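# Close look at the chain arrangement
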Amino acid sequence: KNFNWMAGEVSRLLSETVHKARMENELATVKAVQETLFPPRQFSSRGLQVRGHFEPATECGGDWWHYCEIDGKVWLWIGDATGHGAPAALITSAAKSASAIIEGIPDITPKRAIAILNKAIHETSKGKIMMTFFLGCFDPEKEELTYCNASHDPPFLIRNMNRPLKKKELEILFSVNGSRLGEKRDSQYEEAVISMKSCDTLLCYTDGIMDLEDKDGKPWGERAFVKTVLEMSGKPNDIDLRMQHLIAKIGEHRGPQELVDDITFFMAKYGEAA
């Protein structure tokens, strides 16, 4: 009887081991595929410098960011799918695929582009998984950023004042806002326009940065995040130094803790330092 019980346990454990190995292999494949969805972390064109950071909470993440050039303008994309893991990663894949098509549409505008993205996400997830999204289009000739927002955390525009900014001087891009991608198939979105002068910097991010927890489970929170952004504005107007400062502050709060959500952000600086 004991022998038969032991044989049964060995058989069960072997089956679980095989299943676990298969799942790990499948997750590794999803992770490898998802890594191809992201652009290089550094980009410079049309007077705009872009630096990005992405760190998933699990093997696969639900955050996605991107940049591209269309008709002499630089487009900036960032989104956050519901939850994280493989299901959320599949939604980021759908967003990337849709963006590749959007980039080839003549005279495309941000509000039309984000409406197409919305339909792609809705058709993929059938309303079960949604995605917040921010989409900006920078025109270097007009020095203007035209943007749409689908319930995403509004980016910060850090003006170049050659001194640390005060909280009231930090510009928050929340003039327009619409429903999450995938929530309704035929959602419509509005555009807003804001000027970007030489040495201004745009900071886009996902909410995982504020959900970041320390060893005691205390989240970093919006107040600490904004404080760090204001500190960063007082640093030399160098996009790489400012990225390093923000990443260091995230590391200080997090310590050795596992992430509770994906962390994604990027900076886009126009022009050279004064």
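Keep in mind that what you see is a predicted model, and the values were worked out from it rather than measured. (Residues numbered from 1 in each chain as written. Predicted model: local features only at pLDDT ≥ 70, side-chain atom pairs only at ≥ 80, totals over all residues. Heavy atoms only, no water.)

Side chains of residues three or four places apart in an α-helix project in the same direction, reflecting 3.6 residues per turn. The end-to-end C-alpha distance of helix H6 (residues 239-254), which contains 16 residues, comes to 23 Å, matching closely the 22 Å that a straight helix rising 1.5 Å per residue would cover. Ile-239, Arg-242, Met-243, His-245, Leu-246, Ile-250, His-253 and Arg-254 are the residues of H6 that are buried. Down the axis, H6 shows its buried residues gathered within 160° of arc, on one side only. Packed against the buried residues of H6 are strand E2 (48-55), strand E7 (156-158), strand E10 (201-205), helix H4 (208-211), helix H5 (221-233) and strand E11 (263-270). Capping the start of H6 is the job of one residue whose side-chain oxygen sits 3.0 Å from the backbone nitrogen of Asp-240: Asp-238. Where H6 terminates, the next one or two residues include Gly-255, which has phi positive at roughly 65°. (Helix = DSSP H or I, 4+ residues; strand = E, 2+ residues; numbered from the N terminus. Expected span 1.5 Å × (residues − 1). Buried < 20%, exposed > 50% of the residue type's maximum accessible area, 1.4 Å probe, protein only. Arc of directions from axis to C-beta. Contact = heavy atoms within 4.5 Å. Polar contact = N/O pair within 3.5 Å; in protein donor to acceptor, adjacent residues only side chain to side chain.)

This next bit is on the packing of H5 against H6. Relative orientation of the contacting elements H5 and H6 amounts to 150°, with a least axis distance of 10 Å. Classified by the angle their axes make, H5 and H6 are roughly antiparallel. Here H5 runs over H6; the crossing is right-handed. When H5 is examined against H6, the residues Phe-225, Thr-228, Glu-231, Met-232 and Ser-233 are found in contact with a partner set consisting of Arg-242, His-245, Leu-246 and Lys-249. Looking at the contact of H5 with H6 residue by residue, the class counts come to three nonpolar, three polar and three charged. (Axes fitted to C-alpha atoms, helices over the stretch in contact; angles between N-to-C directions. Parallel < 35°, antiparallel > 145°, perpendicular 65-115°, else oblique. Left-handed = near helix turned anticlockwise from the far one by under 90°. Nonpolar A, V, L, I, M, F, W, Y, C, P; charged D, E, K, R; others polar.)

The angle between the axes and the distance between the axes are what describe a pair of packed helices. It is the contact of helix H2 (residues 86-102) with helix H3 (residues 110-125), at a shortest axis distance of 9 Å, that shows an interaxial angle of 140°. Here H3 runs oblique to H2, going by the angle between their axes. In terms of crossing hand, the pair formed by H2 and H3 is right-handed. Between H2, through Ile-91, Ala-94, Ala-95, Ala-98 and Ile-102, and H3, the contact on the second element is made entirely by Ala-113, Ile-116, Leu-117, Ala-120, Ile-121, Thr-124 and Ser-125. Of the residues that constitute the contact of H2 with H3, the class distribution is 10 nonpolar, two polar and no charged.

Evaluated as defined, the whole model comprises 14 salt bridges. For the salt bridge of Arg-163 with Glu-169, the shortest nitrogen-to-oxygen distance reads 2.6 Å. Glu-169 sits in the buried class, given a relative accessible area of 18%. When the shortest N-O distance is used, the salt bridge between Arg-185 and Asp-186 registers 3.4 Å. Residue classification places Arg-185 among the partly exposed residues on the basis of a relative accessible area of 39%. Three or more residues are tied together by salt bridges with common partners; here these are Glu-123, Lys-126, Arg-185 and Asp-186. (Salt bridge = Lys/Arg side-chain N within 4 Å of Asp/Glu carboxyl O.)

What follows is about the pairing of strand E3 (residues 63-70). The element E3 is extensively covered by neighbouring structure, given that seven of its eight residues are classed as buried. Two elements, E3 and strand E4 (residues 73-81), share eight bridges in a ladder whose sense is antiparallel. By the bridge assignment, Cys-68 is partnered in E4 with Trp-75. If you look at the hairpin formed by E3 and E4, you'll find two residues sitting between the two strands, and Asp-71 has a positive phi there, around 55°. (Pairing = 2+ DSSP bridges.)

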